[in-house]
Amino acid sequence: MSWWHGLTSETASGTARADRAVLKRADTLTAVACTSAYQRLYRRMAAANSGEPWRAFEQERIAALVAVAAHVTEKVPMSLPQAMSHRADGDDRNPVSQLRFSRLLDAPDIEALFTGLRRSLPLIENKVDPATLADDIYGWSDAVKKRWAYAYRWPEKSDG
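Procedures and definitions
- Residues numbered from 1 in each chain as written.
- Predicted model: local features only at pLDDT ≥ 70, side-chain atom pairs only at ≥ 80, totals over all residues.
- Heavy atoms only, no water.
- Helix = DSSP H or I, 4+ residues; strand = E, 2+ residues; numbered from the N terminus.
- Contact = heavy atoms within 4.5 Å.
- Salt bridge = Lys/Arg side-chain N within 4 Å of Asp/Glu carboxyl O.
- Buried < 20%, exposed > 50% of the residue type's maximum accessible area, 1.4 Å probe, protein only.
- 1 Å grid on protein atoms, 1.4 Å probe; cavity = no way out; pocket = protein on both sides within 12 Å on 5 of 7 lines; lining within 4 Å.
- Points joined across faces, edges and corners; volume = space filled by probe spheres on them.
- Nonpolar A, V, L, I, M, F, W, Y, C, P; charged D, E, K, R; others polar.

Visitor: Help me understand the side chain of serine 120 in this model?
Guide: Mapped onto the secondary structure, serine 120 falls in helix H8 (residues 110-120). With residues up to four places along the chain from it excluded, the contact list for serine 120 reads Met84, Val96, Arg100 and Leu104.

Visitor: Even after reading the chapter, I still don't get the pattern of salt bridges, so can you show me in this structure?
Guide: A side chain with one charge can pair with a side chain of the opposite charge if their charged atoms come near. Enumeration over the complete set of coordinates arrives at 5 salt bridges. Between glutamate 58 and arginine 55 there is a salt bridge whose closest N-O contact spans 3.3 Å. For glutamate 125, the salt bridge goes to lysine 127, with nearest N and O atoms at 3.4 Å. Note on glutamate 125: relative accessible area 53%, which makes it exposed. Several salt bridges share partner residues, and in doing so they unite Glu74, Glu125 and Lys127 into one network.

Visitor: Honestly, the layout of surface pockets in this entry has me stumped. Any pointers?
Guide: To find the voids left in a structure, one rolls a probe of water-molecule size over its atoms. Taken as a whole, the largest pocket holds about 380 Å³ of empty space. Forming the walls of the largest pocket are 17 residues, and the residues nearest its centre are Met1, Trp3, Met45, Leu65 and Ala134. Broken down by secondary-structure element, the contributors of at least two residues to the lining of the largest pocket are helix H1 (2-8), helix H4 (36-48), helix H5 (56-71) and helix H9 (130-138). It is H9 that provides the largest number of residues to the lining of the largest pocket, a total of 5 residues. Of the residues belonging to the lining of the largest pocket, the class tally is 14 nonpolar, 1 polar and 2 charged. One number sums up the size of the second largest pocket: a volume of about 180 Å³.

Right, dumping it as structure tokens:
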């Protein structure tokens, strides 16, 4: 979280602003992993990790959560599905449609989830709780999918 705060602070250093821009432009997890911005953070995290080295699938999830976090501009006290279905006063539609949300839940792998999240975050003005989002991306599983499904405010009728 301290890394994210440094990235999004109004007083962010030039390096932090550049890192954020690079991470936001990366459109695949390979592109993320090949940036110096990601590699510097990854190395710091790896040095602080006292357990076993991360396996390839964990490295993919770390790359996804770091890159997605670079898109988050404001921390709000809502999980991603809550933010995606939080309607503005007087609005009868979710910011993220049921169809788009369902596609996130059906993501066949972390790469597809990453792509879907990059496309969906602007619909909620890039506002979400970054810590909860990071936990969910890292722990992506059927249990997270079910939690998201229960937290999303499903429309009374299909909004496609």
